[in-house]
Each structure stands twice: as C-alpha cells, then as structure tokens.
Amino acid sequence: MHEWALAEAVVATVEKIRRENGGRPVLSVSLRLGELQGVDPEAFRAGLAAALGGLPYGPETFRLLSDEATFRCRACGRLWPLADSPGISQEEREAIHFLPESAHAYLRCPGCGSPDFALAAGRGVSIESVELGGD
Amino acid sequence: MIDPRPEVIGRRLAPVRRILAYSSAKGGVGKSVCCVLSALALIRAGCRVGLLDLDFQGASAHLLLGVQPHFPEEQGGIRPLRAREALDFMSFAAFSRENAVPLRGGEVSEALLEMLAVTVWGPLDFLLLDMPPGIGDELLDVLRLLNRSEFVVVATPSALVLQVVERLLALLEELRLPVRGLIENMTRLGEGSARATGTAGRGVAAAAERHRLPLLGSVPYLPDIEDLLASPDPLRGELGGVFGGIARYLIGQERIGVV
C-alpha cells in the first residue's frame, strides 16, 4: 500500500527526533492526515505497525487527526473546501491520492474557473508534535 | 508541523548506485530524447536502469517510450511503471495523464518530494532524471534532495542555446557539482562541433573544452527521430553508435573510479 511508504517516512522522522534527543522514550506523536490525499487510516496504521517493528513504542503511540482540505484561488481570492469540487471522478480522486498536486490537473476555482489556486490546508501527512519522556 | 518525507528519500534511493541528471538551461534541445536513448543504451550494455521524468509541466518521456500513462502498482509505496520491457519509469503523467498541470514553484517542490518519498525503486545501476529546462525549482530541489546527482548537459550547436547552457555549466562549476560531459544534439552536417568543422571557439565541443569537459557524443539532426523512437529498436543505425558510446563512457567512469 502507498500508505505504508508514508508511515515509514513518519517513523523514520520520529526516530531521527528520538536519536537527536539522546534516545528519550517516545510518549506520543500527533499526526495530521490531510483530506486531499485521502490516506486510509487503517492502512496507515498497518504501515506504522510494520515500520515500528523492533522499536520500543507501538502504533498506539500515534494519534491521527484529520485536516479538511481547503483551497484558495489566487485569481479571485475565493476560499473553498474539497467538498465544493463535486465533479471529481473516482479516477481523478485516485490520482490525487497518489500525488496531491495532481489536483491542479483536475480542479478549478468554483468561483472563477482559474487553475491558479493554492492548497491552504489538508494536503497530506505531517507530524504535528512528538512528545518525548522527560519533556 | 514537520514534513516526514525528506527523511525517507535516502532510503528509497539506497538501491540506486548512480543518479544522472540530464539537464539543459534551454528548452527544446532534446534532453528527453537524449535521456531516453541513453537509458536504452545503458540497458543494452547490461545495466539496470530507471528513468524519472521531472519535467512535471511538460512531461514527455512517456510519449517517447510509448508508455500509456496509468496508475502504478502499490506495494510498500508505489512501484515504477515498466517501459520497453526493461526500463523502470516514473512520471507525473501517470497521475495527470495528458491534462495540463499548471503548477507554481512550491507545488513543483511538493510533487517532487512526494514522488521521491513514495516511489520504491528496485536495485538500479543508473537512475536517469529527465530534467525540465532552466535552473529553477526542479534543479534546486535535485541539488537539495538528490545531492549525489551527476550531471549530463545537453546542448545544440545554436549560439543562443550555447550561451544559455554555459551559464548552467558555470553554476554547476561554482557549486563544484560533477558534470560528466556534454551531449551535442541536432547536429547538422557542417555546423557541429568545432572539432568536426574546424570552427575554433564555437560549437558544443568548444564549450566543452572551455569547461574542461568531455563531449560525450554528437547526435545528428534526424527529422524522423520521433518515428525512430517509436520503432522497436530506436538504437539501430547511427543512434546506436552515438548512444552506445555514451553508455560505455558513463559505465567506464564508474569502473575507473571517477565517480
């Protein structure tokens, strides 16, 4: 699963933070899963479990929080949520799941039709916080 | 917020021995053609080769390779597509198909990071990067994220192209980056390298000499090159000679420890 690659990246980053902090225990990790990428939380947790093999903390250490995807049009300034782009086909959603920037091939501003928009929030996977023992 | 993707890129590319970025500061000089033909020649020489099309806004390597864009398989990440039976291949076109992809610089960087973080390359002797023209976001991201890249610079005998390409060479020299040589593309009879024409100080060969770089090969101007690329064996005839020589040179560099 594609989610496994993202989970592996998260664990590699948390491990780097742990190493840089003298190997202090990892108590909790908060992750943001952007709506645009449509990461499957179950598949992502399975990926975390696989990537955490042999490490002294498990998938239960990770808190998954979802972020609504919103876009901002650079032409007319309109802010809109992904839900306001109803014409996306299943195949286009799949493309955006693999590579969120594919949205620029398929979405347009619902206000003015411009392809020049920015993703204001909810793109993909990011680490919000890592709590280490002794913090 | 911490972006987890950069941390895993080194691991994704660990099975890749060498990364060659086919670059030019100018568009339309045939980077993609030279990159694709080099990849096929390296495969013919027995190497395991991958090709990553980094020209997100003008992806065309899939057209030259005859690959119908489709979603990659998922297995611990995404697996490269297969082209010409032996070439591992990845392109933005796998997701955008033949749609226009209007991206700004930050979005280009995001897409590049994502592709590098989730694409699982198998063991490769060479990963060739088909770079977009210019010295903008993609080049800067390659320098940042793929800092063991070696460069192959493509130019045509056009004075205008050479002027712009020499700026790229100067930048790569300033940054002390390894440039493996120049490829002269679209050489017409009588206007090619200075060595061939005796036109001192002009041409791609003269530029190569100025920068103390080898001229890896001169590719003749072939009006039917797209038909040749679409044929079962694009390396037959003259192209096979030129790119076979380039492949041997690139492989030989490794054997004699120049890398």
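For the structure given in this document, a descriptive report is provided here.

Rules of the game
- Residues numbered from 1 in each chain as written.
- Chains lettered and ligands numbered in written order.
- Predicted model: local features only at pLDDT ≥ 70, side-chain atom pairs only at ≥ 80, totals over all residues.
- Core = buried A, V, L, I, M, F, W, Y, C linked by C-beta atoms within 7 Å.
- Buried ≥ 20, exposed ≤ 12 C-beta atoms within 10 Å, placed from the backbone.
- Helix = DSSP H or I, 4+ residues; strand = E, 2+ residues; numbered from the N terminus.
- Contact = placed C-beta atoms within 7 Å.
- Nonpolar A, V, L, I, M, F, W, Y, C, P; charged D, E, K, R; others polar.
- Pairing = 2+ DSSP bridges.
- Axes fitted to C-alpha atoms, helices over the stretch in contact; angles between N-to-C directions.
- Parallel < 35°, antiparallel > 145°, perpendicular 65-115°, else oblique.
- Left-handed = near helix turned anticlockwise from the far one by under 90°.

## Considering the nonpolar core
All names here are of chain B. Judged by nonpolar contacts, the single largest core of 121 residues is most densely connected at Tyr22, Val36, Leu51, Leu128, Leu129, Val153 and Ala155. Ranked by residue count, the leading element in this core is helix α2 (residues 31-44), at 9 residues. Not counting chain neighbours up to four residues away, the residues in contact with Leu51 comprise Cys35, Val36, Ala39, Ala61, Leu87, Phe89, Leu128 and Asp130.

## Digging into the interface of chain A and chain B
The extent of an interface is frequently quoted as the accessible surface area lost upon association of the parts. Taken together, the 28 residues of chain A in the interface contact 29 residues of chain B. Every element with two or more residues in the side of chain A that touches chain B is listed here: α1 (2-20), α3 (90-98), α4 (103-106) and β6 (125-132) of chain A. The biggest single contributor to the side of chain A that touches chain B is α1 of chain A, with 10 residues. Residues of the side of chain A that touches chain B, tallied by class, amount to 16 nonpolar, 5 polar and 7 charged.

## Here's the deal with the sheet that holds strand β8 (residues 215-220) of chain B
Residues and elements named next belong to chain B. Spatial strand order, β3-β4-β2-β5-β1-β6-β7-β8: 8 strands in an open sheet with mixed pairing. Of all the strands in the sheet, just β3 (81-83) and β8 have a single pairing partner and so form its edges. Between one strand axis and the next, the sheet turns through 25° on average, direction left out of account. Relative to strand β4 (residues 87-91), strand β2 (residues 49-53) runs parallel, the two being bridged by 5 bridges. Pairing of Gly50 across the sheet is with Asp88, part of β4.

## Observations regarding the pairing of β4 of chain B
Buried residues dominate β4 of chain B, accounting for 5 of its 5 residues. The turn joining β3 of chain B and β4 of chain B, which pair antiparallel and follow one another in sequence, is formed by 3 residues; a positive phi near 50° is taken by Arg84 of chain B.

## Some remarks on the sheet that holds strand β4 (residues 79-81) of chain A
All names here are of chain A. Pairing is antiparallel in the open sheet, where 3 strands are placed in the order β4-β3-β5. The two strands at the open ends of the sheet, each matched to only one other strand, are β4 and β5 (117-121). Across the sheet, the axes of successive neighbouring strands diverge by a mean angle of 30°, strand direction being ignored. Bridge analysis of strand β3 (residues 70-73) against β4 gives 3 bridges, and the strand direction is antiparallel. Looking at the pairing, Thr70 lines up with Pro81 of β4.

## Examining the pairing of strand β1 (residues 16-23) of chain B
Two strands pair when backbone bridges link them, and β1 of chain B and strand β5 (residues 124-130) of chain B are joined in this way by 6 bridges, in the parallel orientation. Following the sheet pairing, Arg18 of chain B is matched in β5 of chain B by Phe126 of chain B.

## A short note on the packing of α1 of chain A against helix α2 (residues 41-51) of chain A
Residues and elements named next belong to chain A. Put simply, α1 and α2 touch, their axes get as near as 8 Å, and they point 50° apart. By the angle between their directions, the pair α1 and α2 is classed as oblique. Here the hand of the crossing between α1 and α2 comes out right-handed. Where α1 abuts α2, its residues Glu3, Trp4, Leu6, Ala7, Glu8 and Val11 lie against Ala43, Phe44, Gly47, Leu48, Ala50 and Ala51. Of the residues that constitute the contact of α1 with α2, the class distribution is 9 nonpolar, 1 polar and 2 charged.

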